[in-house]
Amino acid sequence: MYDNSTASLQINGHRSSPIPIRCSVRQGCPIIMQLIAMCLNPLLSTLENILAGIQIGRRRIKTAAVDYADDVTIFVTSPTNIPKIQEALQCYEEASEAKVNIRKSRALAIGPWDTSVLFMDIPYHAEAKSLGFHITSKVQESAHKSWTLATARICAQAQNAYYRDLSLDKRIKYVHDYLMARV
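First, a word on what this report is: a plain description of the structure on this page. Note on numbering: residues in each chain are counted from 1, in written sequence order. The model is predicted, so local features are restricted to residues of pLDDT at least 70 and side-chain atom pairs to those at 80 or more, both for listing and for counting; the totals for chains, interfaces and linings are taken over all residues. Side-chain numbers come from the whole structure's heavy atoms, not from hydrogens or water.

### A closer look at the pairing of strand 8 (residues 71–74)
We count it as follows: A pair of strands is treated as paired once DSSP finds two or more bridges between them. Going along the chain from the N terminus, every DSSP run of H or I of four or more residues is numbered as a helix, and every run of E of two or more is numbered as a strand.
The pairing of strand 7 (residues 65–68) with strand 8 spans 4 bridges and is antiparallel. The partner of Asp-67 across the bridge, within strand 8, is Val-72.

### Quick notes on the environment of Val-100
Filter applied, for reference: Between two residues, a contact is recorded if the distance between any of their heavy atoms is within 4.5 Å.
By secondary structure assignment, the location of Val-100 is in the loop between helix 2 (81–96) and strand 9 (127–130). For Val-100 and Gln-90, which are 10 residues apart along the polypeptide, the C-alpha to C-alpha distance reads 9.5 Å. Ignoring sequence-local partners within four residues, the contact set of Val-100 consists of Leu-89, Glu-93 and Ser-105.

### Observations concerning helix 1 (residues 32–50)
Threshold: By this rule, a helix spans an expected 1.5 Å times one less than how many residues it contains. To get the bend at a residue, fit one axis to the 7 residues ending there and another to the 7 starting there, then take the angle between the axes. Throughout, exposure labels follow a simple rule: accessible area from a 1.4 Å probe, protein chains only, divided by the maximum for the residue type, with under 20% read as buried, over 50% as exposed, and the rest as partly exposed.
If you check helix 1, its first and last C-alpha atoms are 27 Å apart, about what 19 residues at 1.5 Å a residue would give, namely 27 Å. Taking the largest bend as the criterion, helix 1 deviates by roughly 40°, centred on Leu-40, and proline Pro-42 comes between one and four positions later. Along helix 1, the positions that sit buried rather than exposed are Ile-36, Leu-40, Leu-43, Leu-44 and Leu-47.

### Some points on the environment of Ser-16
Along the chain, Ser-16 turns up in the loop between strand 3 (14–15) and strand 4 (19–20). When its relative accessible area of 28% is taken as the criterion, Ser-16 is described as partly exposed. When residues no more than four places from it in sequence are discounted, the contact partners of Ser-16 are Ser-8 and Leu-9.

### A short note on the nonpolar core
Formally: We call a set of buried Ala, Val, Leu, Ile, Met, Phe, Trp, Tyr and Cys residues a nonpolar core when their side-chain atoms join them within 4.5 Å.
By size, the foremost hydrophobic cluster in this structure holds 17 residues, and its most contacted members are Leu-40, Leu-43, Leu-47, Leu-51, Ile-85 and Phe-119. Every element with two or more residues in this core is listed here: helix 1 and helix 2. Here Leu-47 is in contact with Ala-64, Ala-65, Ile-74, Ile-85 and Ala-88, once residues within four sequence places are set aside.

### A few points about the pattern of salt bridges
Note the threshold: The salt bridge definition used is simple: a Lys or Arg side-chain nitrogen within 4 Å of an Asp or Glu carboxyl oxygen.
Applying the stated criterion to the full structure yields 1 salt bridge. Among the ionic pairs, Glu-48 bridges to Lys-62, the shortest N-O distance being 3.9 Å. Linking Glu-48 in helix 1 with Lys-62 in strand 6 (residues 61–63), this pair joins segments that are 14 residues apart in sequence. What makes Lys-62 partly exposed here is its relative accessible area of 33%.

### A few points about helix 2
Think of an α-helix as 3.6 residues a turn; residues three or four steps apart then line up on the same face. Here is the rule: For this quantity, the arc is that covered by the directions from the helix axis to the C-beta atoms.
Helix length check: helix 2, at 16 residues, gives a terminal C-alpha distance of 22 Å against a target of 22 Å (1.5 Å per residue), a fit within 8%. Those residues of helix 2 not exposed but buried are Asn-81, Ile-82, Ile-85, Ala-88, Leu-89, Tyr-92 and Glu-93. An end-on view of helix 2 places all buried positions within 135° of arc, on one side of the element. Exposed residues on helix 2 whose side chains face more than 90 degrees from its buried face are Glu-87, Cys-91, Glu-94 and Ala-95. Residues of helix 2 that are buried sit in contact with helix 1 and strand 8. Following helix 2 by one or two positions, Glu-97 has its phi on the positive side, about 65°.

### Regarding the side chain of Thr-63
Relative to the helices and strands, Thr-63 resides in strand 6. For Thr-63, the residues in contact, after removing those within four places along its chain, are Glu-48, Gly-53, Ile-54, Ile-56 and Phe-75.

### Some points on the environment of Thr-63
For Thr-63, a relative accessible area of 12% corresponds to the buried category. Between the alpha carbons of Thr-63 and Leu-51 there is a distance of 8.8 Å; along the sequence they are 12 residues apart.

In C-alpha cells, the structure reads:
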C-alpha cells in the first residue's frame, strides 16, 4: 500500500513535484489505529505487568497506563517504578525504533512526591490534560475544571447549532437582543 508512494505540497495554488514518502503513514490513513494498537500493545502490557498502577472505580480495576492513539499516560505510584519504566521504554525504543518525545511529555505530581528529581528530564507541571480531562494535584479541582470546560463546550456547540438554523432576519434580531442585554 505504501510502496513507491509520494506526496505533493500545494501552496497558493501551485503544486510541487512529487516527494517520495520513505517513512511514516499518511494522515487520516484507515490502518493507522490498527498499526498503533499492534505497536503499542507490547509496551502497555509490559507496563501493566511491572507497575502497581492505580485503582479506578468501585470495582477497583488496576491501571498502570492508558493510551489514546499514540498518546500514553503512565501512572507512577512510587519512585522505585522509575527505573522499571525507563528499562521498559528503552527496550521498546530499541525494538520499535520509536522515541519518546520529551518536549511533548509532562509530569504531574499528585500527593507527596519529590518534584526536584526529574523523570527522564520531563518537567513537572501544576496541571496536565490526559484524554481530554484536566488533571491537577487536587482531585476535586480536576473534576470541577473538566466538568466546567465540557459544559461550556457543549453549550457553545448547542448555541452555534441554534444560531445556524436561524434565518438571516432572526440572526440579526438575535445579535441585536444579545447586544442590548449587555448594555
